[in-house]
Amino acid sequence: MFKLLAVLALISASVAHRFAGKEWKQTYKPKTPYVYKSVTWEEAHEYEECPEFEHDNYEEPEKGEIVDGVEAENGMHHFLSRHNPKLIEDCCARRNYTQVVNGVEQVVSREMCPDLVREDSGFCGFETITIPAAKWIVIDVEKDDVETFQVRETYKKMYYEYRKPKGVRWMLPVLVKWQLNEDRERVSGQIAMYVPPENQSNPPKPDSDLIRIEEWGAKKVYVRPYGGYRHDKEFRRQWELLRTALDNAGLNYKDNEEWEAGYSYLRYGRQRNEAMFVDSASEA
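What counts as what
Along each chain, the written sequence defines residue order, and numbers are assigned to residues from 1. Given that this is a predicted model, residues contribute local features only at a pLDDT of at least 70 and side-chain atom pairs are listed and counted only at 80 or more, while totals for whole chains, interfaces and linings are drawn from all residues. Only hydrogens and water are set aside; all other atoms, that is, all heavy atoms of the structure, feed into the side-chain values. We count a stretch as a helix when DSSP gives it H or I for four or more residues in a row; a strand needs E for two or more, and each element gets its number in order from the N terminus. Think of it in three bands: residues with accessible area under 20% of the maximum for their type are buried, residues over 50% are exposed, and the middle band is partly exposed, with areas taken using a 1.4 Å probe on protein chains only. Note on definitions: a residue-residue contact is assigned when non-hydrogen atoms from the two residues lie within 4.5 Å. Accessibility throughout is a Shrake-Rupley quantity obtained with a 1.4 Å probe, and a residue counts as covered only by protein chains that appear here. Paired rings are identified among Phe, Tyr and Trp, the last through its six-membered ring, by centres lying within 6.5 Å, and are further divided according to the angle between planes into stacked (under 30 degrees), edge-to-face (over 60) and tilted (the rest). By convention in this document, the label disulfide applies to cysteine sulfur atom pairs within 2.5 Å. Any two strands with at least two DSSP bridges between them are considered paired. Fitted lines through C-alpha atoms give the axes, limited to the stretch in contact for helices. The angle between two N-to-C directions lies from 0 to 180 degrees.

**Some points on the overall build of the protein**
Then step 1. Helices and strands together make up the secondary structure of the protein, namely six helices and 11 strands.
Then step 2. Looking at the protein residue by residue over its 284 residues, the buried ones come to 47%.
Then step 3. Put simply, of all contacts in the protein between residues at least 6 apart along the chain, 72% involve residues at least 24 apart.
Then step 4. Surface exposure of the protein reaches about 14900 Å², of which carbon and sulfur atoms provide 50%.

Encoded structure:
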């Protein structure tokens, strides 16, 4: 019992730190030295860039480089500016979890991402992903979060009102679906997280009316990965570029929705966010 309480205390402290402060960017200082891994543009993208998107070109800062005088609390200054996205295989690498089963602690290795099928689209400017049919944890984005394009307060509710009391672990990516009006303004949204494989057949029933379990059919989506943060102006521009690339390719997509896929821990290390549109033939 003492060990279980200690584990829960550590988890609570970690979560409190995760949600603390106004900024989430590069504030976590790992206990073990961070191993810097260089990533090229070609390694991080499953497509060739369109020649007309030259204005989106950027140069990744050198390790430890301070850009525009902005410094990171953990010394990872170079990751505060736009950089090449974290490799998907690094985002989805299996992780060890400690579980208490019949009073005994066990370390188990778990996958972090569902089996997303990534492939070259055959066109410039985007890659194609197939998301398998599955159950997802879904919560509507709070009104204040919609107005500021935030998801932080809404995600906290998903954690504290479902994931934590139900013991449902973290999975990637965390999806944010925005509904647009005729002027392409975001007017409402939902956050969704894949139900872990061990819970897929029988996910815990939510106690909160805010949370629901939805079963989605398979979806084909088109994405542009981005190395940086979801509030960056350059990230918002990725949907504009993605629209242009899809229109040039003659593909049909749901233009009244903008999706985000988040794969990285904002407080630490290289980032990966993806701008996404869903193919028109996919289920709602």
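**Considering the packing of aromatic side chains**
Each aromatic ring pair is summarised here by two numbers: the centre-to-centre distance and the angle between the ring planes.
Then step 1. Inspection of the entire model under this criterion finds 16 aromatic pairs.
Then step 2. Relative to phenylalanine 79, the ring of tyrosine 34 has its centre 6.3 Å away and its plane inclined at 90°; by these criteria the two rings are edge-to-face. With tyrosine 34 in the loop between helix H1 (2–18) and helix H2 (41–44) and phenylalanine 79 in the loop between H2 and helix H3 (88–91), the pair connects residues that are 45 residues apart, well separated along the chain.
Then step 3. We classify phenylalanine 79 as buried; its relative accessible area is 1%.

**Quick word on the state of the cysteines**
Then step 1. With the rule as written, the count across this model stands at two disulfides.
Then step 2. Between the sulfur atoms of cysteine 50 and its disulfide mate cysteine 124 the distance is 2.1 Å. Its S-S torsion of about 95° marks the bond between cysteine 50 and cysteine 124 as right-handed, since a negative value means left-handed. Of this pair, cysteine 50 sits in the loop between H2 and H3 while cysteine 124 sits in the loop between strand S3 (117–120) and strand S4 (127–131), and the two are 74 residues apart along the sequence.
Then step 3. A relative accessible area of 2% places cysteine 50 in the buried class.
Then step 4. Classification of cysteine 124 as partly exposed rests on a relative accessible area of 30%.
Then step 5. With a sulfur-sulfur separation of 2.0 Å, cysteine 92 is cross-linked through a disulfide to cysteine 113. Residues cysteine 92 and cysteine 113 are joined through a disulfide that is left-handed, its torsion about the S-S bond being -85°. In this pair, cysteine 92 sits in the loop between H3 and strand S1 (95–101) while cysteine 113 sits in the loop between strand S2 (104–110) and S3, placing the two residues 21 residues apart along the sequence.
Then step 6. Residue class for cysteine 92 comes out partly exposed when judged on its relative accessible area of 22%.

**A word on the sheet that holds S3**
Then step 1. Strands sit in the order S3-S4-S9-S11-S10-S6-S7-S5-S8 across an open sheet of nine strands; the sheet is antiparallel. Of all the strands in the sheet, the pair left with one neighbour each is S3 and strand S8 (211–216). Averaged over all pairs of adjacent strands, the angle between strand axes in this sheet comes to 30°, irrespective of strand direction.
Then step 2. As paired strands, strand S6 (residues 174–180) and strand S7 (residues 186–194) are joined by seven bridges and run antiparallel to one another. Bridge pairing in S7 places tryptophan 178 opposite glycine 189.
Then step 3. Against the sheet, helix H5 (residues 152–166) touches strand S5 (134–140), S7 and S8, its axis set at about 120° to S5.
Then step 4. Strands in contact with helix H6 (residues 233–249) are S6, S7, strand S9 (219–226), strand S10 (257–262) and strand S11 (273–278); relative to S11, the strand with the most contacts, it is inclined by about 35°.

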